[in-house]
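# Structural description and commentary
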Amino acid sequence: MSESEERTCLHVFDERRMTIMNEVHDAMSESEERTCLHVFDERRMTIMNEVHDMIKRNAKNKGTRS
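On a predicted model such as this, the values are computed, not experimentally measured, just so you know. (Residues numbered from 1 in each chain as written. Predicted model: local features only at pLDDT ≥ 70, side-chain atom pairs only at ≥ 80, totals over all residues. Heavy atoms only, no water.)

### Brief notes about the overall build of the protein chain
Check the secondary structure of the protein chain and you find 2 helices and 0 strands. Over its C-alpha atoms the protein chain spans a radius of gyration of 23 Å, topping by over 25% the 11 Å that the globule rule assigns to 66 residues. Across its three principal axes, the protein chain shows a C-alpha extent of roughly 65 × 40 × 10 Å. Burial analysis of the protein chain (66 residues in total) assigns 0% to the buried set. (Helix = DSSP H or I, 4+ residues; strand = E, 2+ residues; numbered from the N terminus. Rg over C-alpha atoms; globule rule 2.2 N^0.38 Å. Buried < 20%, exposed > 50% of the residue type's maximum accessible area, 1.4 Å probe, protein only.)

### What about the pattern of salt bridges?
Here the structure, examined in full by the defined rule, presents 2 salt bridges. With a shortest N-O distance of 3.2 Å, Asp-14 and Arg-17 are connected by a salt bridge. Note that Asp-14 and Arg-17 are positioned in helix H1 (residues 3-27) at a spacing of 3 residues, about one turn of the helix. Relative accessible area serves as the criterion here: at 46%, Arg-17 is assigned to the partly exposed category. Where Arg-44 meets Asp-41, a salt bridge forms, and the shortest distance between an N and an O atom there is 3.3 Å. Separated by 3 residues within a single helix, Arg-44 and Asp-41 lie in helix H2 (residues 30-65), roughly one turn from each other. For Asp-41, a relative accessible area of 37% translates into the label partly exposed. (Salt bridge = Lys/Arg side-chain N within 4 Å of Asp/Glu carboxyl O.)

### Structural notes on a nonpolar patch on the surface
A cluster of nonpolar residues, Ile-47, Val-51 and Ile-55, forms a patch on the protein surface that exposes about 240 Å² of accessible area. Locating Ile-55 in the fold gives a position in helix H2. (Patch = residues over 30% accessible without salt bridge, like charges linked within 9 Å, V, L, I, M, F, W, Y side chains within 5 Å. Areas by Shrake-Rupley, 256 points an atom, 1.4 Å probe, with all protein chains shown as cover.)

Structure (structure tokens):
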């Protein structure tokens, strides 16, 4: 496949992907969007809490080694 053919294929793929994403977005209701954001926020908070706990444990362990 030539370079220009490859670029054309990628361009067509990107256009089709954008069309599909727009259709999906339009199909989602506002409440579904809020639910997705809520789940995302809960998961992000869980991860942040885990990171915070790891940092505290590491700081505590460094303090006890001295």
